[in-house]
2 protein chains.
Amino acid sequence: MTTKKKTTLRKPAVAKNSKESSYAKAGVDVALGNQVKSGIGAIVRPTHGAEVLGGIGGFGGLFRPDFKKRGIKDPVLVSSVDGVGTKLKIAFATDRHDTIGEDLVNHCINDIAVTGATPLFFLDYIAAAKLDPRVLKQIITGLSRACKAAGCALIGGETAQMPGLYGEGEYDLAGSITGIVDRKNLLDGSRVKVGDALVGLPANGLHTNGYSLARKVLFDLLDLKLTDRPAGLGTTLGAELLKVHRNYLPAFETLHAMKGKPLHAAAHITGGGLIDNLPRILPKGCDALINPLSWKVPAIYGIIGRGGKVDPLEMYQVFNMGIGMVLVVPGKEGISIAKKLGGRIIGEVTKGSGVVRFSPEPGK
Amino acid sequence: MTTKKKTTLRKPAVAKNSKESSYAKAGVDVALGNQVKSGIGAIVRPTHGAEVLGGIGGFGGLFRPDFKKRGIKDPVLVSSVDGVGTKLKIAFATDRHDTIGEDLVNHCINDIAVTGATPLFFLDYIAAAKLDPRVLKQIITGLSRACKAAGCALIGGETAQMPGLYGEGEYDLAGSITGIVDRKNLLDGSRVKVGDALVGLPANGLHTNGYSLARKVLFDLLDLKLTDRPAGLGTTLGAELLKVHRNYLPAFETLHAMKGKPLHAAAHITGGGLIDNLPRILPKGCDALINPLSWKVPAIYGIIGRGGKVDPLEMYQVFNMGIGMVLVVPGKEGISIAKKLGGRIIGEVTKGSGVVRFSPEPGK
């Protein structure tokens, strides 16, 4: 370019006079977006270790995995994407937005942990009609808190203003995680054997599944309020329903450090419950036989099941019923591993056809 | 477990009688979800090369990068997440859902290509009040088409049913990409110098930015219809607004294969336009000086700008204005590279303070 007649030196033009801008009038406030984003760096930076390259605001997040330090010879990347479902509606109603960030990160960590992977980095997607800086800060604070706790770097995110797609004060939240596992330690279900014990680890509330049914029963059918304290619950419904999805990574780290590598497989009990998630790790010719009396089902499920007259078996396909993670370990090591990890034996692997059986059958 | 009184052998219970289930009545149809997911494997499998391990339906997608074959010695992972904004509203209105999948993938590919990275894998997030199998199939077909074209594996996704959060017939679509670059080839802006040429590559329509303003002007202020053919446009508004976000990866591959590695940096012109995106790659002490007369701004922007009386400078912060990618290359190689890639020189790097200047100023 050779013409240099008149030049304009300026910071981003729209950000200066956002109220007058056409884009702001169309519902997208670039200045607000920039304001919102300006505080993010300080919140996410504590999640960045030496493997994160570059700063905030690049087009892509950069991560240089230190294979040597991680002791990984044949790296396999494991990635998963998820949202938090209509648990969001509880966050909206209670105006508390930090815990769902933790829910999302922990959900994703667990999804890759069951393959044997350790998290490397996380990216979030937040979409709303209009960004509220206060809410966004809470969400990202929660995401960062969970990432930091798990040694996972929060290296990127997208905050989208989409007028007309989301209701006022509402938003959606999703995220993706990428982790790493040495190929020889990959858990693919091939080590699962008849006679293996199923160790259930306790969940912390509903985690992030079944909220549409829970909300319908609790708030529409039973006409309860978030501040109510139904008998047996020991807390308010709001507090119960916002309990944070548990991060099971520490349990996996304990198992990986044990001699003889006792972990044969693991299933994260999310949407679909025990009934749909256990078959994902069962080899052909094996069933999972579950004794539903082997653990105490938390009170919230009694309230929902009775209140909604939900088929008892369906409860085990919608909710985690108190078991958030199932570990498959050698039968003879089951009791000691359950004790070590604060879980209990909830069943065993039997000959079968790749399905879940209950004995006794729930509700019978 | 020792009790074996009564056992129940069954496939997922809810999936059988979905109309009666409590979850279906609460707005989440597990059977529909399973039906929708069952066809996905056949659509995404063609994107899977030898580096993808495992099948469909695992908790996490598995990818074993072949560093040797890729010629990468010091791997840096580059990841990005994005959505398609309210371009979705055009997809809803035209009932065409395959192209937005391509938009999303190509947007993400470009976001990591500007760091020098090649895509490895992609994961999608689709959220709706109720899943429509026909629509979902179209979306995933588009995602797969774009992934296949770019040698990117579609290794996972989440389809979320969120009754009460999305309007009828509406959905949101987001996705994340992870790519790889050898550390020595990482483009971090440090090679940008005063005197470098800015080569602009043509965009294909609005790509995925500025749709809230475009829709407001075109449909609210000008009262146009998707089937209208405004003078100069050469096509219908619907076709213009659904033009697929261009994938610039082939241009990057050409540049990476050239002797002397002429590519100093690149900026993907997305939300924020030239004004906000070029500063992301400018080192301290440099400006980007743009001659807005050096390329022909497509007709759609004249229609939007005049129709909405949008400040001419704001147009360059909301829309790509016909330039979807800016490459920073040595000044003396600018013309030949522009010619080779079908682009043109739109400006140069000058001394300055990290901002974009226009000469002449748009609209003056």
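Sequence order sets the numbering: in each chain, residues are counted from 1 along the sequence as written. Labels are handed out in written order, letters beginning with A for the chains and numbers beginning with 1 for the ligands. Local features in this predicted model are restricted to residues of pLDDT 70 or higher, and side-chain atom pairs are both shown and tallied only at a pLDDT of 80 or more, whereas totals for entire chains, interfaces and linings draw on every residue. Side-chain numbers here rest on the full set of heavy atoms in the structure, without hydrogens or water.

A word on the side chain of Asp111(A). In this text, helices come from DSSP runs of H or I with a minimum length of four residues, and strands from runs of E with a minimum of two, each type numbered from the N-terminal end. Turning to its location among the elements, Asp111(A) is positioned in helix H7 (residues 99-113). Each residue's exposure class comes from its accessible area (1.4 Å probe, protein chains only) as a fraction of the maximum for that residue type: buried when under 20%, exposed when over 50%, partly exposed otherwise. Positive charges are assigned to Lys and Arg, negative charges to Asp and Glu, while His and the chain termini are left out of the count. In what follows, salt bridge is the name for a side-chain nitrogen of Lys or Arg lying within 4 Å of a carboxyl oxygen of Asp or Glu. Comment: no salt bridge for buried Asp111(A); closest opposite-charge side chain is Arg280(A), at 6.0 Å. Here, residues are in contact when the closest pair of their heavy atoms is within 4.5 Å. Not counting chain neighbours up to four residues away, the residues in contact with Asp111(A) comprise Ser80(A), Asp82(A), His268(A), Thr270(A), Phe59(B) and Gly60(B).

The next subject is helix H9 (residues 211-221) of chain B. Among the residues of H9(B), those classed as buried are Tyr211(B), Ser212(B), Leu213(B), Ala214(B), Arg215(B), Val217(B) and Leu218(B). In this structure, the buried side of H9(B) is in contact with helix H2 (22-25) of chain A together with helix H6 (87-94), helix H10 (237-241), helix H13 (299-307) and helix H14 (312-318) of chain B. Remark: Asp223(B) follows H9(B) within two positions and exhibits a positive phi of approximately 55°.

What follows deals with the interface of chain B and chain A. Often the size quoted for an interface is simply the accessible area lost on bringing the parts together. At the junction of the two partners, chain B supplies 112 residues and chain A supplies 112 residues. For the pair chain B and chain A, the summed buried surface comes to about 8,400 Å²; carbon and sulfur atoms form 60% of the total. There are two salt bridges connecting chain B and chain A. Arg64(A) is the salt-bridge partner of Asp74(B), the closest N and O atoms lying 2.7 Å from each other. For this analysis, a polar contact is any N or O atom pair within 3.5 Å, provided that within protein one partner can donate a hydrogen and the other can accept it, and provided that sequence-adjacent residues contribute only side-chain to side-chain pairs. Where chain B meets chain A, there are 16 residue pairs in polar contact (both at pLDDT 80 or more). When two components associate, each loses some accessible surface as probed by a 1.4 Å sphere; the sum of these losses over both components is called the buried area.

A word on the relation of the copies chain B and chain A. In the superposition of chain B on chain A (RMSD 0.0 Å, axial shift 0.0 Å), the rotation amounts to 180°. Viewed as a symmetry operation, the transformation between the two copies matches a two-fold axis. Residue by residue, 100% of the interface of chain B is reproduced at the interface of chain A, so both copies engage with the same surface. What sets the superposition is a least-squares fit of C-alpha atoms, and only residues with pLDDT of at least 70 in both copies go into it.

Right, let's talk about the packing of aromatic side chains for a bit. Residue and element names in this part refer to chain B. Any Phe, Tyr or Trp ring, taking Trp's six-membered ring, that has another such ring centre within 6.5 Å forms a pair; planes under 30 degrees apart are called stacked, those over 60 apart edge-to-face, and the others tilted. If you walk through the whole model with that rule in mind, you get 12 aromatic pairs over all chains. A centroid spacing of 5.4 Å and a plane angle of 45° characterise the contact between phenylalanine 63 and phenylalanine 121, whose relative ring orientation is tilted. Here phenylalanine 63, found in strand S2 (residues 61-63), pairs with phenylalanine 121, found in strand S4 (residues 118-128); they are 58 residues apart in sequence, far enough to count as distant.

Before going further, it helps to examine the pairing of strand S7 (residues 197-202) of chain A. All names here are of chain A. Counting buried positions over the six residues of S7 gives five, a clear majority of the element. At least two bridges found by DSSP between two strands is the condition for calling them paired. One ladder, built from six bridges, connects S7 with strand S10 (residues 323-329); its direction is antiparallel. If you follow glycine 200 over to S10, its bridge partner there is valine 326. Bridge count for S7 against strand S11 (residues 344-351) is four bridges, and the pairing is antiparallel. Its bridge partner lying in S11, glycine 200 is registered against arginine 344.

Residues and elements named next belong to chain A. Boundaries between domains were set according to an automatic or database domain assignment. Each domain of chain A was delimited in the assignment, giving domain 1 (26-185) and domain 2 (197-358). Of note, the centres of domain 1 and domain 2, computed from C-alpha atoms alone, are 25 Å apart. Opposite the 24 residues of domain 1 that make contact, domain 2 presents 26 residues. Across the domain 1 to domain 2 interface the summed buried area is about 2,000 Å²; carbon plus sulfur atoms make up 65%. Summed over the shared surface of domain 1 and domain 2, the number is zero salt bridges. Our enumeration of links across domain 1 and domain 2 arrives at 11 residue pairs in polar contact (both at pLDDT 80 or more). The set of elements that each furnish at least two residues to the side of domain 1 that touches domain 2 consists of helix H6 (87-94) and H7. Top contributing element to the side of domain 1 that touches domain 2 by residue count: H7, with nine residues. Charged residues are taken to be Asp, Glu, Lys and Arg, nonpolar residues to be Ala, Val, Leu, Ile, Met, Phe, Trp, Tyr, Cys and Pro, and polar residues to be all remaining types, Gly included. Within the side of domain 1 that touches domain 2, the residues separate by chemical class into 10 nonpolar, eight polar and six charged.

All right, on to the sheet that holds strand S1 (residues 52-53) of chain B then. Ordered by their spatial adjacency, six strands build an open sheet running S5(A)-S4(A)-S6(A)-S3(A)-S2(B)-S1(B), and the pairing between neighbours is mixed. Two strands bound the open sheet, and with one partner strand each, they are strand S5 (153-161) of chain A together with S1 of chain B. Where strand S3 (residues 75-83) of chain A and S2(B) come together, three bridges link them in antiparallel fashion. The residue of S2(B) that forms the bridge with Val78(A) is Leu62(B). Fitted lines through C-alpha atoms serve as axes, helices being fitted only where they are in contact, and the angles separating the N-to-C directions of these axes extend from 0 to 180 degrees. Across the face of the sheet, H7(A) comes into contact with S3, strand S4 (118-128) and strand S6 (171-182) of chain A while running at roughly 30° to S6(A).

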